[in-house]
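One letter stands for each residue in the lines below.
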Amino acid sequence: QVQLVESGGGLVQAGGSLRLSCQASGRTFKARAMGWFRQAPGKEREFVAAISWSGAGTVYADSVKGRFTISRDNAKNTVYLQMNSLKPEDTAVYYCAAAPSVASIYEYWGQGTQVTVSS
């Protein structure tokens, strides 16, 4: 089993940057792909980025390509989402999640962290 706790959210002006962190507990972290999702008010949750267990493979939503970078440190059981050039439309609750592989169903979810981008 994997428990996930996100941090790093906050309020930032458009064009600014934030780095989200997701601390995982559980011995299976290294064997799992990790993903970031987000949900804006009144909208469905959407995929943002994912990274393979080794870190060698990454996938991004078109809306964040070139602005966001996902990474992981398996020694620290932590996955990161570096968000640059933030836009007001990036405002959402961001969740990290764990899955057997990048394309699998995500089994474990964190509680989310709020990101608000002001114009």
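Attention in this report is confined to the structure presented alongside it. Everything quoted here is computed from the prediction, not taken from an experiment. (Residues numbered from 1 in each chain as written. Predicted model: local features only at pLDDT ≥ 70, side-chain atom pairs only at ≥ 80, totals over all residues. Heavy atoms only, no water.)

### A look at the overall build of the chain
In terms of helices and strands, the chain carries zero helices and eleven strands. Each helix and strand of the chain, placed in order from N terminus to C terminus, yields the pattern β-β-β-β-β-β-β-β-β-β-β. On C-alpha atoms alone, the chain measures out to a radius of gyration of 13 Å, which is about the 14 Å that the 2.2 N^0.38 rule sets for 119 residues. Overall, the chain is about 40 × 25 × 25 Å in size when its C-alpha atoms are taken along their principal axes. Taking all 119 residues of the chain together, the buried fraction comes to 44%. In the chain, once contacts between residues fewer than 6 apart in sequence are set aside, the share between residues at least 24 apart is 56%. In the structure as shown, the chain presents an accessible area of about 6,100 Å², 50% of it carried by carbon and sulfur atoms. In the chain, the 12 positive side-chain charges and the 8 negative ones have mean positions that sit 7 Å from each other. (Helix = DSSP H or I, 4+ residues; strand = E, 2+ residues; numbered from the N terminus. Rg over C-alpha atoms; globule rule 2.2 N^0.38 Å. Buried < 20%, exposed > 50% of the residue type's maximum accessible area, 1.4 Å probe, protein only. Contact = heavy atoms within 4.5 Å. Areas by Shrake-Rupley, 256 points an atom, 1.4 Å probe, with all protein chains shown as cover. Lys, Arg positive; Asp, Glu negative; His and termini not counted. Charge placed at Lys NZ, Arg CZ, Asp CG, Glu CD.)

### Concerning the pairing of strand E5 (residues 46–51)
In terms of strand pairing, strand E4 (residues 33–39) meets E5 through five bridges, oriented antiparallel. Note on E5: the bridge partner recorded for Phe37 is Phe47. Where E4 folds back onto E5 in an antiparallel hairpin, the turn is made up of six residues, including Gly42, whose phi is positive at roughly 80 degrees. In this sheet, strand E6 (residues 58–60) lies alongside E5 in antiparallel orientation, the contact comprising three bridges. From the neighbouring strand, Ala49 faces E6, where its bridge partner is Tyr60. (Pairing = 2+ DSSP bridges.)

### Some details on the nonpolar core
Of all hydrophobic cores here, the largest spans 28 residues; its most connected members are Trp36, Leu81, Met83 and Tyr94. Breaking this core down by element, the ones donating at least two residues are strand E3 (18–25), E4, E5, strand E7 (68–73), strand E8 (78–83), strand E9 (92–99) and strand E11 (113–118). If near-sequence neighbours (up to four positions away) are discounted, Tyr94 is found in contact with Glu6, Leu20, Trp36, Phe37, Arg38, Val48, Phe68, Leu81, Met83, Gly112, Thr113 and Val115. Listed in part, the five residues of the second largest apolar core include Phe37, Ala50, Ala99 and Tyr106. (Core = buried A, V, L, I, M, F, W, Y, C linked by side-chain atoms within 4.5 Å.)

### Some thoughts on the side chain of Asp90
The topology assignment puts Asp90 in the loop between E8 and E9. Given a relative accessible area of 0%, Asp90 falls into the buried group. Side-chain polar atoms of Asp90 contact the backbone nitrogen of Lys87, separated by 2.8 Å. Ignoring any residue separated from it by four or fewer positions in sequence, one finds Asp90 in contact with Arg38, Arg67, Phe68, Ser85, Val115 and Val117. (Polar contact = N/O pair within 3.5 Å; in protein donor to acceptor, adjacent residues only side chain to side chain.)

### Describing the state of the cysteines
Throughout the structure, instances matching the rule amount to one disulfide. Shown here is the disulfide that connects Cys22 with Cys96, its sulfur atoms set 1.9 Å apart. Note on the Cys22 and Cys96 pair: the S-S dihedral is about 45 degrees, so by sign convention the disulfide is right-handed. With Cys22 in strand E3 and Cys96 in strand E9, this residue pair connects regions lying 74 residues apart in the sequence. Judged by its relative accessible area of 0%, Cys96 falls in the buried class. (Disulfide = S-S within 2.5 Å.)

### Concerning the side chain of Asn77
With respect to the element layout, Asn77 can be found in the loop between E7 and E8. In this structure Asn77 touches Cys22, Gln23, Ala24, Gly26, Phe29 and Lys30, once residues within four positions along its chain are discounted.

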